[in-house]
Amino acid sequence: MHNDAEAGPGTVERLFEMAYRKYSQRDKWAVIFTHYDTLAAFNTYAFDAIGPWDEQLPQYFTDNDMYRRLRLAGYELAESCLPVSHVGSATIHSDPAREEENRRTFLFYRDYYIRKWGGEPGHETFERPFNQ
């Protein structure tokens, strides 16, 4: 869970129940989202199956890279629609040095992601990194 988010009453328990059900039924699932990945349940077996994180990418883009790879491997990424509120970027904005670093590097990492997957997160066109 993001440190600038708050789960609604019963959300954590209901998310756990959803994940346990998928696990028990042996579904091929990777992530159950709430408010995107503000609070999420992860199937670590799915992450192990697709390999390590792309260490060239920071926060936002590394998550999207992993989600792209999971989808291509046939894993389900589901939205739970459970209530979670999120302030959004409170962590980045709380530290001026981190905010400046993010501002300077965001476009660089965005470009790398586009070159790797043929589009921005959610609009990728390549099925293999760098269209290999």
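Residues numbered from 1 in each chain as written. Predicted model: local features only at pLDDT ≥ 70, side-chain atom pairs only at ≥ 80, totals over all residues. Heavy atoms only, no water.

Colleague: Is there a simple way to explain unusual backbone geometry in this structure?
Modeller: Its identity as a non-glycine residue notwithstanding, Arg 26 has a phi of 60°, on the positive side. Among the structural elements, Arg 26 can be located in the loop between helix H1 (11-24) and strand S2 (29-34). The backbone of Cys 81 sits at a positive phi, close to 65°, despite the residue not being glycine. Relative to the elements of secondary structure, Cys 81 occurs in the loop between strand S4 (76-79) and strand S5 (84-86). (Helix = DSSP H or I, 4+ residues; strand = E, 2+ residues; numbered from the N terminus.)

Colleague: How should I be thinking about the packing of helix H3 (residues 59-72) against helix H5 (residues 96-117) in this particular structure?
Modeller: Packed helices, taken two at a time, are described by the angle their axes make and the gap between the axes. As a packed pair, H3 and H5 sit with axes 8 Å apart at the nearest point and diverge in direction by 25°. What the angle tells us is that H3 and H5 run roughly parallel. Judged by residue contacts, Gln 59, Tyr 60, Phe 61, Asn 64, Asp 65, Arg 68, Arg 69 and Leu 72 of H3 engage Arg 98, Asn 102, Phe 106, Tyr 109, Arg 110, Tyr 113, Lys 116 and Trp 117 from H5. Across the contact of H3 with H5, the residue classes tally to seven nonpolar, three polar and six charged. (Axes fitted to C-alpha atoms, helices over the stretch in contact; angles between N-to-C directions. Parallel < 35°, antiparallel > 145°, perpendicular 65-115°, else oblique. Contact = heavy atoms within 4.5 Å. Nonpolar A, V, L, I, M, F, W, Y, C, P; charged D, E, K, R; others polar.)

Colleague: Would you mind going over the sheet that holds S2 with me for this structure?
Modeller: Strand pairs in the sheet, formed through backbone hydrogen bonds, run parallel or antiparallel to each other. Taken in spatial order, the three strands line up as S3-S2-S4 in an open sheet, and their pairing is mixed. Edge positions in the sheet fall to strand S3 (39-42) and S4, since each of these pairs with one other strand and no more. Taking each pair of neighbouring strands and ignoring which way they run, the sheet shows an average axis angle of 15°. Contacts from H1 reach S2, S3 and S4 within the one sheet, and its direction differs from that of S2 by about 160°. Sheet contacts for H3: S2, S3 and S4; angle to S2, the most-contacted strand, approximately 130°. (Pairing = 2+ DSSP bridges.)

Colleague: Would you take a moment to explain the nonpolar core for this structure?
Modeller: Counting twelve residues, the largest nonpolar core is built from Ala 30, Val 31, Phe 33, Ala 40, Ala 46, Phe 47, Ile 50, Met 66, Tyr 67, Leu 70, Tyr 75 and Leu 77. Secondary-structure elements contributing two or more residues to this core are S2, helix H2 (44-50) and H3. If we skip the residues at most four places from it in the chain, Ala 40 touches Leu 15, Val 31, Ile 32 and Phe 33. Counting nine residues, the second largest nonpolar core, distinct from the first, contains Ala 19, Ile 32, Leu 39 and Ala 41. (Core = buried A, V, L, I, M, F, W, Y, C linked by side-chain atoms within 4.5 Å. Buried < 20%, exposed > 50% of the residue type's maximum accessible area, 1.4 Å probe, protein only.)

Colleague: Help me out: how do you make sense of H5 in this one?
Modeller: For an α-helix, the turn length of 3.6 residues means that residues three or four places apart are oriented alike. Given a rise of 1.5 Å per residue, 22 residues ought to cover 32 Å, and the 31 Å separating the end C-alpha atoms of H5 matches this to within 8%. The sharpest bend along H5 reaches about 40° and sits at Thr 105. Along H5, the residues that are buried comprise Tyr 112, Tyr 113, Lys 116 and Trp 117. Contacts from the buried residues of H5 go to H3. Measuring from the backbone nitrogen of Ala 97 back to the side-chain oxygen at the start of H5 gives 3.1 Å, which picks out Asp 95 as the cap. Phi turns positive one or two residues past the end of H5, at Gly 118, with a value near 75°. (Expected span 1.5 Å × (residues − 1). Bend = angle between axes of the 7 residues up to and from the residue. Polar contact = N/O pair within 3.5 Å; in protein donor to acceptor, adjacent residues only side chain to side chain.)

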